[in-house]
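These are the residues of each chain, in order.
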Amino acid sequence: MTNGEVERGAIGAPRGLLDHPAWTRWGAHVAFWLMYFAIRTAAAAADPPDDASDFPYLLNRILVVASYFVLTGALLAIIAGPRASRSNWARNLALVLGALALAPLTQYSEQVWPRWLAGFSPEPYPFVIYLFQFGWALPLWGLTQALLGYHFETMTQARAVARAQALAYDAQLKMLHYQINPHFLFNTLNAISTLVLEKRNAQAESMILKLAGFLRYSLDRQPTEMAALTAEMDAQRKYLEIERTRFDDKLQVRFSIEPGLENARLPSLILQPILENAIKYAITPRTEGGSIDVAAYRDGDLLRISIEDDGPGLPPEGDTRRRRGVGLANARERLELIYAGRAGLTARNREPNGCRVEIWLPLEEERVGRAAAPAFS
């Protein structure tokens, strides 16, 4: 299971007592009637009857409250299910009204247990008086269970929304991740074929090994994973070395990483579309080739990565020659999805010529490697 799958599974995994409907609602059921028994016992102790020694009042109270417990428990199991997991507004309302509908039965239990214990029935209370004296617990129990049902209903809906967002996030990242320039692979294979035909076997073999290493890195990583800066730079070196061979060494490449940033994290292959953009617009059109400089440095709590070329640069805004590639848009959208405003990308022209693309993102150096991207952070 990938880290992305673990993270998505965690969205729907129980995180505490209030995430277990059965434990919480049945536990609340037991606790409610124990508390009700304690209240009735305390009230009886405050004004003890004169014949306390002639009648088992405590046992009678236990049996009466047990009747409340069993009847309301049956109601909860019928409406919410044995695992107390079924809930909606109709079921929640049914718990309150159903508890009130049990009042005639619970009032009858107040009469039947004394008859069974001592052979006599106390004088029955009028129903309204019974509700105020003893039966008040029934609608209160129903309201408690209805509120718990509402809680679990909203939790279920929130998890469904969160899971849908996570799935959409993964799908969107995958779409962006696999927008790799199809011309790269075609051009590379074509260049290898040319080298073989020209019997430049050593160069062809070197190019194949570099292509294999780059493809292994890119295909082995999930779109939601974070990569160590050194691993990402090594992959991009392989990519640029392949392009350098294709351009007969007319492409000059320089990498510069500030010491101490080797384990900084960044989205895997975030630099790939930007470098493809530079190759396509700054290097390919020029017979003399050109240069690309990649640098990474610390700026307070930010990691900044710049990619500079010496090509013709960006045409003015609105110019029909404005670059229409997906490279910059791809990288910018991935940063927005992962960091939501805490990262970004800028592109501007250099003097006297060329283009500079800069990525800035939070500097994170822990849990390097196959960690999942921090979705919705």
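Keep in mind that this is a model prediction, so the values were computed, not measured.

A.B. asks: Tell me about the overall build of the protein, and please be specific about residues and values.
C.D. replies: If you tally the helices and strands in the protein, you get 12 helices and seven strands. For the protein, the residues scored as buried account for 42% of the 377 residues in total. Of the contacts made within the protein by residues no fewer than 6 positions apart, 76% connect residues no fewer than 24 positions apart. Entry remark: accessible area of the protein is about 19,800 Å², with carbon and sulfur atoms responsible for 61%.

A.B. asks: Give a description of the packing of helix α11 (residues 272–283) against helix α12 (residues 327–339) that names residues and reports values.
C.D. replies: Across the interface, α11 lies against α12 with an axial gap of 8 Å and an inter-helix angle of 165°. For the element pair α11 / α12, the angle class is roughly antiparallel. Of the two possible hands of crossing, α11 and α12 adopt the one that is left-handed. Between α11 and α12, the contacting residues are P273, I274 and N277 on the first element and G327, L328, N330 and A331 on the second. For the contact of α11 with α12, the residue count by class is four nonpolar, three polar and no charged.

A.B. asks: Before we move on, can you summarise the sheet that holds strand β7 (residues 355–362) with the specific residues and values?
C.D. replies: The strand order across the open sheet formed by five strands is β2-β4-β5-β7-β6, and the pairing between neighbours is mixed. Strands with a single pairing partner mark the edges of an open sheet, and in this sheet they are β2 (251–257) and β6 (344–349). Sheet twist, expressed as the average angle between the axes of neighbouring strands with direction ignored, equals 15°. Judged from the seven bridges that link them, β2 and strand β4 (residues 290–299) form a sheet pairing that is parallel. Paired with V253 across the two strands is I292, which belongs to β4. Most of the contacts of helix α10 (residues 229–246) go to β2, to which it runs at about 170°, and overall it touches β2, β4 and β5 (302–309). α12 contacts β6 and β7 of the sheet and is inclined by roughly 155° relative to β6.

A.B. asks: Quick rundown of a nonpolar patch on the surface? Include the residues and the values.
C.D. replies: Residues M35, I39, W136, L140, L143 and L147 make up a contiguous nonpolar surface patch of about 570 Å² in total accessible area. Among the elements of the structure, α2 (21–46) and α7 (137–177) are those that each provide at least two residues to the nonpolar patch. For the nonpolar patch, the leading source of residues is α7, giving three residues. Along the chain, the position of L140 falls in helix α7. L140 gets classed as partly exposed once you look at its relative accessible area, which sits at 39%.

A.B. asks: Go over the side chain of S67, please, and point to the residues and values.
C.D. replies: Considering the arrangement of structural elements, one finds S67 in helix α3 (residues 57–80). Here the side chain of S67 touches W113 through a polar contact of 2.8 Å, side chain to side chain. Setting aside its immediate chain neighbours within four residues, S67 contacts S109 and W113.

A.B. asks: Break down the packing of helix α5 (residues 103–118) against helix α6 (residues 127–135) for me, with residues and values.
C.D. replies: Contact geometry of α5 with α6 gives a least axis separation of 11 Å together with a crossing angle of 85°. The angle between the axes of α5 and α6 places the two elements in the roughly perpendicular class. Every residue of α6 that contacts α5 at A103, P104, T106, Q107 and E110 is listed here: F127, Y130, L131 and F134. Taken together, the residues of the contact of α5 with α6 sort by class into six nonpolar, two polar and one charged.

A.B. asks: Could you give me a rundown of α6, with the residues and numbers involved?
C.D. replies: Each turn of an α-helix holds 3.6 residues, which means side chains three or four residues apart point in the same direction. Listed in full, the buried residues belonging to α6 are Y130, F134 and G135. Along the axis of α6, the buried positions cluster into a sector of 65°, meaning they face one direction only. Summarising the geometry of α6, the exposed residues directed more than 90 degrees from the buried face are V128 and F132.

Calculation criteria
- Residues numbered from 1 in each chain as written.
- Predicted model: local features only at pLDDT ≥ 70, side-chain atom pairs only at ≥ 80, totals over all residues.
- Heavy atoms only, no water.
- Helix = DSSP H or I, 4+ residues; strand = E, 2+ residues; numbered from the N terminus.
- Buried < 20%, exposed > 50% of the residue type's maximum accessible area, 1.4 Å probe, protein only.
- Contact = heavy atoms within 4.5 Å.
- Areas by Shrake-Rupley, 256 points an atom, 1.4 Å probe, with all protein chains shown as cover.
- Axes fitted to C-alpha atoms, helices over the stretch in contact; angles between N-to-C directions.
- Parallel < 35°, antiparallel > 145°, perpendicular 65-115°, else oblique.
- Left-handed = near helix turned anticlockwise from the far one by under 90°.
- Nonpolar A, V, L, I, M, F, W, Y, C, P; charged D, E, K, R; others polar.
- Pairing = 2+ DSSP bridges.
- Patch = residues over 30% accessible without salt bridge, like charges linked within 9 Å, V, L, I, M, F, W, Y side chains within 5 Å.
- Salt bridge = Lys/Arg side-chain N within 4 Å of Asp/Glu carboxyl O.
- Polar contact = N/O pair within 3.5 Å; in protein donor to acceptor, adjacent residues only side chain to side chain.
- Arc of directions from axis to C-beta.

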